[in-house]
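# Inside the fold
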Amino acid sequence: MSCILNAGIALNRCLENIGGIKKVHISTFDDGASFTETAGEISAVVGGTNTYQSFAFKPQTASFTEEGVAAIEAGTSAVYTQTLTMIFHKLETTKRNTLKLVAAAGDLQIVIETRNGDFLLMGRENGANMTTTSAATGTAYADQNGYTVTMVATELDMATPFAAGVFEAYIA
């Protein structure tokens, strides 16, 4: 395999970027779904029978990070740990029961909808799993009362973005 670096990253001077997650769309892992990738984006999704459930957030209450680590001494390529952290306000039975189902589902595919309007696929090949859940009442009046959930996936590639309109058309 040739390892040629043939592009750089230009400086974007426009202030048109915003952080955070608007929604996540979660489905059990679907071996029947086939993702076509063109120029580093998912350009089509064919097959698959699973339904994605949507989870919405207030601003600044959900985040996605991705860390790549390569073992140079072992000659291995990077392995990417994808981490999604979500806060759900207010302890409620319906939220508790839904989170228990998510935890029990095991391998999941998660589509992250950013506040910039981009869609990223987490757990594409190996699935994502709920690794921690905490419920807290808070102490002071202004403290969080609710759930904090962490989902983790380990992949051989970074989270794959969807081309414009592809994910929306797939779940329509």
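Residues numbered from 1 in each chain as written. Predicted model: local features only at pLDDT ≥ 70, side-chain atom pairs only at ≥ 80, totals over all residues. Heavy atoms only, no water.

### Observations concerning the overall build of the protein
Across its full length, the protein carries 2 helices and 11 strands. Secondary structure elements of the protein, listed N to C terminal, follow the sequence β-β-β-β-β-β-α-β-β-β-β-β-α. Along the longest, intermediate and shortest principal axes, the C-alpha atoms of the protein span 55 × 40 × 40 Å. Out of the 172 residues belonging to the protein, those deemed buried represent 31%. Looking at the protein alone, contacts between residues at least 24 apart form 69% of all its contacts between residues at least 6 apart. Put simply, the protein shows about 10,800 Å² of open surface, and 55% of that area lies on carbon and sulfur atoms. On the protein, the mean spot of the 10 positive side-chain charges and the mean spot of the 17 negative ones are 15 Å from each other. (Helix = DSSP H or I, 4+ residues; strand = E, 2+ residues; numbered from the N terminus. Buried < 20%, exposed > 50% of the residue type's maximum accessible area, 1.4 Å probe, protein only. Contact = heavy atoms within 4.5 Å. Areas by Shrake-Rupley, 256 points an atom, 1.4 Å probe, with all protein chains shown as cover. Lys, Arg positive; Asp, Glu negative; His and termini not counted. Charge placed at Lys NZ, Arg CZ, Asp CG, Glu CD.)

### Regarding the pattern of salt bridges
Across all of its chains, the model carries 3 salt bridges by this definition. Linking Arg-124 and Glu-37 is a salt bridge whose minimum nitrogen-to-oxygen distance equals 2.6 Å. Here Glu-37 lies in strand 2 (residues 34-38) and Arg-124 lies in the loop between strand 8 (119-122) and strand 9 (128-136), a separation of 87 residues in the sequence. For Arg-124, a relative accessible area of 15% puts it in the buried group. One salt bridge in this structure joins Arg-124 and Glu-125, with 3.7 Å as the shortest N-O distance. Among the ionic contacts, a cluster of salt bridges with common partners joins Glu-37, Arg-124 and Glu-125. (Salt bridge = Lys/Arg side-chain N within 4 Å of Asp/Glu carboxyl O.)

### Examining the packing of aromatic side chains
If you walk through the whole model with that rule in mind, you get 6 aromatic pairs. With 5.6 Å between their ring centres and 40° between their planes, Phe-119 and Phe-167 make a pair best called tilted. In this pair, Phe-119 is assigned in strand 8 and Phe-167 in helix 2 (residues 166-171), connecting sequence segments 48 residues apart. Accessibility assignment for this pair places Phe-119 and Phe-167 in one class, buried. Every member of this aromatic cluster is reached through a ring pair, and the members are Tyr-52, Phe-119, Phe-162, Phe-167 and Tyr-170. (Phe/Tyr/Trp six-rings, centres within 6.5 Å; stacked < 30°, edge-to-face > 60°.)

### Here we look at helix 1 (residues 93-104)
Every α-helix carries 3.6 residues per turn, so stepping three or four residues along brings you back to the same face. For helix 1, which comprises 12 residues, the first-to-last C-alpha distance of 17 Å matches the rise-based estimate of 16 Å (1.5 Å per residue) to within 8%. Where helix 1 terminates, the next one or two residues include Gly-106, which has phi positive at roughly 75°. (Expected span 1.5 Å × (residues − 1).)

### Observations regarding the environment of Phe-55
For Phe-55, the location among the structural elements is in strand 4 (residues 53-56). When the C-alpha positions of Phe-55 and Glu-155 are compared, they lie 23 Å apart, and in sequence the two are 100 residues distant. Residues in contact with Phe-55, not counting those within four places in the same chain, are Lys-22, Lys-23, Val-24, Ile-26, Phe-88, Thr-98 and Val-102.

### Here's the deal with the side chain of Gln-109
Looking at where Gln-109 falls in the secondary structure, it is placed in strand 7 (residues 108-114). Contact partners of Gln-109, with chain neighbours within four places excluded, come to His-25, Ile-26, Ser-27, Thr-28, Phe-29, Asp-30, Phe-35, Tyr-52, Leu-121, Met-122, Gly-123 and Arg-124.

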